[in-house]
Amino acid sequence: MTPLPPGGSRTTGSGSPSRSRYALALGLIALPLLLAFLGPLFAGPPGPRSVSYTTGGGHWLGTDFTGRDVWHQVLLGGRPVVLVAVAATLLAYAVAVPLGLTAALTRGGRLEEALMRPLDVLIAVPSLLLVLLVAATLTPGPVGLTVLVGLAAVPDAARVVHAAAVEVSARPAVEALRMQGESWWRTAFGYVARALRRTLAADAGIRLTGALYLVSTAAFLGVGVQPDAADWAVMVDRNRTGLFLQPWGVVVPALLIAALSMGTNLLFDAALQRGGREKGTT
């Protein structure tokens, strides 16, 4: 180990890139989140409709396919996308974490096979296809779409939890907890799950981005939302026919969704790098 410099602390020289990544991530997600959560408070009542795909006339982002003000729709359209994606991600982990921990702590028994083998089959089916197949028969609303997207993410998330938990459950500390007669709950969530925090944090960024993609794509295809709903993904779909006449109805919501997805991944990545660096220098 290299000696500490005269002040008693060691610098890694990577603080500036980490801060830059944090700043970039926060800059990317700030505007979409502000519009999603505060936009409806400032949207006000819808004004009179105008001619479709026009600019000017008090509509500084123009009008959409039905003549509604695009800026008004942008203010209203972010909350459904963000809330459904976040709720679906939380639902996925609420199912995947207990499932993966249970399978890992059974130590190769039949229960592990019974829990994990069906997930291997579901992983082979694209998530969007699963959502569309179920939606074709049930016609879900926003709550149903949340459940569909969340459950579609369970197989991948459970496999990640299971793979990481198998390694942790083989540690001597877990054997010691078993020999002391600790309950399964305390062993699984008091030790194993806590040891998986960095793994889950890394996976959460990918999982939330995937949920945003799946929610946006499903809404783009008309699943879980009304065809004329104030929704960023719906705006991209319904206004694309007038892209070359009035592009803002497509460009603005598309950029907001892309910024939110990229910023989320960058934020989790920066947090993990900082956490790993602090752990390595203590």
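Computed from a prediction, not measured in an experiment: that's the story for all the values here.

J.: Would you explain the overall build of the protein in this entry?
T.: Assigned secondary structure in the protein consists of 10 helices and zero strands. Per-residue burial for the protein yields a buried fraction of 39% across its 282 residues. Residue pairs in contact within the protein that sit at least 24 positions apart in sequence constitute 73% of those at least 6 positions apart. Put simply, the protein shows about 15,000 Å² of open surface, and 68% of that area lies on carbon and sulfur atoms.

J.: Sorry, what's going on with the packing of aromatic side chains here?
T.: Geometry of an aromatic ring pair is reported as the spacing of the ring centres plus the angle between the planes. According to the stated counting rule, one finds one aromatic pair in the structure shown. Between tryptophan 60 and tryptophan 71, the aromatic rings sit 5.1 Å apart at their centres with planes inclined by 55 degrees, giving tilted as the arrangement. Taken together, the residues tryptophan 60 in the loop between α1 (15–43) and α2 (70–105) and tryptophan 71 in helix α2 connect sequence positions 11 residues apart. Looking at tryptophan 60, the relative accessible area reads 59%, which means it is exposed. Among the residues examined, tryptophan 71 registers a relative accessible area of 26% and is labelled partly exposed.

J.: Mind showing me how you'd approach the pattern of salt bridges here?
T.: A side chain with one charge may pair with a side chain of the opposite charge, provided their charged atoms come close. As enumerated under the stated definition, the model contains six salt bridges in all. The partner of arginine 159 in a salt bridge is aspartate 120, and the shortest N-O contact between them spans 3.4 Å. A residue pair is termed long-range when its members are at least 10 positions apart, and arginine 159 in helix α5 (residues 142–169) and aspartate 120 in helix α3 (residues 110–123) qualify at 39 residues. When its relative accessible area of 28% is taken as the criterion, aspartate 120 is described as partly exposed. Beyond isolated ion pairs, a larger network of salt bridges with shared partners links Arg117, Asp120 and Arg159.

J.: Could you clarify how one ought to interpret the side chain of asparagine 239 in this entry?
T.: With respect to the helices and strands, asparagine 239 occurs in helix α9 (residues 232–239). On the basis of relative accessibility, which here comes to 1%, the residue asparagine 239 falls in the buried class. In this structure the side chain of asparagine 239 is engaged in a polar contact, spanning 3.4 Å, whose partner is the backbone oxygen of glycine 249. Leave out the neighbours within four places in its chain, and asparagine 239 touches Tyr53, Asp64, Phe65, Gly249 and Val250.

J.: Just to check I follow, could you spell out the nonpolar core for this structure?
T.: Across soluble globular proteins, you tend to see nonpolar side chains buried next to one another. Of all hydrophobic cores here, the largest spans 35 residues; its most connected members are Val74, Val131, Leu145, Val149 and Trp232. Elements supplying a minimum of two residues to this core: α1, α2, α4 (127–138), α5, α8 (197–220), α9 and α10 (248–281). It is α2 that provides the largest number of residues to this core, a total of eight residues. Apart from residues lying up to four places away in sequence, valine 131 is in contact with Leu145, Leu148, Ala152, Leu214, Ala218 and Val223. Judged by nonpolar contacts, the second largest core, of 21 residues, contains Ala103, Ala104, Val161 and Ala204.

J.: Just checking my understanding: could you explain unusual backbone geometry for this structure?
T.: Glycine aside, negative phi is the norm for most residues, and most peptide bonds take the trans geometry. Even without a glycine there, the phi angle at tyrosine 53 is positive, about 55 degrees. Mapped onto the elements of the fold, tyrosine 53 is located in the loop between α1 and α2. Under the relative-accessibility criterion, tyrosine 53 is labelled buried at 17%.

J.: Explain a nonpolar patch on the surface here, please?
T.: A cluster of nonpolar side chains, Leu34, Phe37, Leu38, Leu41, Phe42 and Leu83, forms an exposed patch at the surface whose accessible area comes to about 620 Å². The element contributing the most residues to the nonpolar patch is α1, with five residues. Here phenylalanine 42 falls in the exposed class, since its relative accessible area comes to 64%.

Cut-offs applied
Residues numbered from 1 in each chain as written. Predicted model: local features only at pLDDT ≥ 70, side-chain atom pairs only at ≥ 80, totals over all residues. Heavy atoms only, no water. Helix = DSSP H or I, 4+ residues; strand = E, 2+ residues; numbered from the N terminus. Buried < 20%, exposed > 50% of the residue type's maximum accessible area, 1.4 Å probe, protein only. Contact = heavy atoms within 4.5 Å. Areas by Shrake-Rupley, 256 points an atom, 1.4 Å probe, with all protein chains shown as cover. Phe/Tyr/Trp six-rings, centres within 6.5 Å; stacked < 30°, edge-to-face > 60°. Salt bridge = Lys/Arg side-chain N within 4 Å of Asp/Glu carboxyl O. Polar contact = N/O pair within 3.5 Å; in protein donor to acceptor, adjacent residues only side chain to side chain. Core = buried A, V, L, I, M, F, W, Y, C linked by side-chain atoms within 4.5 Å. Patch = residues over 30% accessible without salt bridge, like charges linked within 9 Å, V, L, I, M, F, W, Y side chains within 5 Å.

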